[in-house]
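# Architecture at a glance
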Amino acid sequence: MEARLLVVEDDHGLRDVLARALREEGFEVRTASDGRSALLSAQQPVDAVVLDIGLPDADGRDVCAALRAREVTVPVIFLTARDGVTDRLSGFSAGGDDYLAKPFHVAELVARLRAVLRRSGGVPPPSLGDGLTLDPAVHALRAPGGTVPLSPTEFRLLACLLRAPGTVVRRRELLRAAWPDGAIVADNTLDQYAAKLRRKLAEAGSTRRLSAVRGVGYRLG
Ligand code: CA
């Protein structure tokens, strides 16, 4: 399962760019444009929050404090236009875990998110048996003998298969889960990725079998 993010940003251009980029990184993303809708959205399960400090109806630090008061303990990364030490400190005292000054590179945000998710334990990693887990924080298969890295596409594919172990997942569903909306994917691309995934599962020491059901889809046995 991908880590679930709530991105709270009132600048809709930035919000869209972040949502798209974070989804491409394999996160499940929902967005809010102000403090009120952020608090509503945070009533649903979430694994980390990206929170703009300068929101139209509230200060992001107050939103964070309100989340903490409701015992939402997941990591919060503040976004701010200001880079003053005072802001940074008050961000942390409001219960934030990290802080990023605008403008920033999405890659920087992704790295920090993975770091805070790793520290918090994030989502309990889905287990594949044989002592293996799928680690959403680092996009990898963790095995007793080491870690096998996965590409974002392989990760999303495996996460999708793991949601329905032992049953056939249709090709259309796998394509939708693993590739961005509107992507043109050649017919055999899915099969090539399935083959790579099979090799990586074997490399990690998994005894599970990823089998093709011709014309229908794949099953992780
Ligand atoms: Ca703002």
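The structure under discussion appears in the preceding block.
An account of the accompanying structure is given in this report. (Residues numbered from 1 in each chain as written. Predicted model: local features only at pLDDT ≥ 70, side-chain atom pairs only at ≥ 80, totals over all residues. Heavy atoms only, no water.)

With that settled, consider the overall build of the protein chain. The secondary structure content of the protein chain amounts to eight helices and 12 strands. When the 221 residues of the protein chain are sorted by exposure, 45% land in the buried category. Partitioning the intrachain contacts of the protein chain with sequence separation of at least 6 by distance along the chain shows that 55% fall at a separation of at least 24. A total accessible area of about 10800 Å² is found for the protein chain, and carbon and sulfur atoms account for 51% of it. (Helix = DSSP H or I, 4+ residues; strand = E, 2+ residues; numbered from the N terminus. Buried < 20%, exposed > 50% of the residue type's maximum accessible area, 1.4 Å probe, protein only. Contact = heavy atoms within 4.5 Å. Areas by Shrake-Rupley, 256 points an atom, 1.4 Å probe, with all protein chains shown as cover.)

Turning next to the environment of Leu55. Within the secondary structure, Leu55 is located in the loop between β3 (48–52) and α3 (60–69). Taking the C-alpha atoms as reference points, Leu55 and Asp34, 21 residues apart in sequence, are found 5.7 Å from one another. The residues touching Leu55, leaving out its near neighbours within four places in the chain, are Val8, Glu9, Asp10, Ser33, Asp34, Gly35, Gly60 and Val63.

The terminal C-alpha atoms of helix α1 (residues 12–24), which comprises 13 residues, lie 18 Å apart, in line with the 18 Å expected from a rise of 1.5 Å per residue. What α1 keeps buried is the set Arg15, Leu18, Ala19, Ala21 and Leu22. Backbone nitrogen of Gly13 and a side-chain oxygen of the N-cap are separated by 3.0 Å at the start of α1; the cap is Asp11. Where α1 terminates, the next one or two residues include Gly26, which has phi positive at roughly 100 degrees. (Expected span 1.5 Å × (residues − 1). Polar contact = N/O pair within 3.5 Å; in protein donor to acceptor, adjacent residues only side chain to side chain.)

Moving on, we come to the packing of aromatic side chains. Taken as a whole, this structure holds one aromatic pair when the rule is applied. Judged by centre distance (5.3 Å) and plane angle (85 degrees), the ring pair of Trp179 and Tyr193 falls under edge-to-face. Taken as a pair, Trp179 in the loop between α7 (171–178) and α8 (189–203) and Tyr193 in helix α8 lie far apart in primary sequence, 14 residues in all. The same class applies to Trp179 as to Tyr193, namely buried. (Phe/Tyr/Trp six-rings, centres within 6.5 Å; stacked < 30°, edge-to-face > 60°.)

Okay, the coordination of the calcium ion next. Within the protein, the atoms that donate to the calcium ion are Asp10 (OD), Asp52 (OD) and Gly54 (O), at distances of 2.2 to 2.4 Å. Sequence spacing of the donors to the calcium ion: D-x41-D-x1-G. According to the relative accessible area criterion, Asp52 is buried, its value standing at 3%. Given a relative accessible area of 44%, Gly54 falls into the partly exposed group. (Donors = N, O, S within 2.8 Å, 3.2 Å for Na, K, Ca; no water.)

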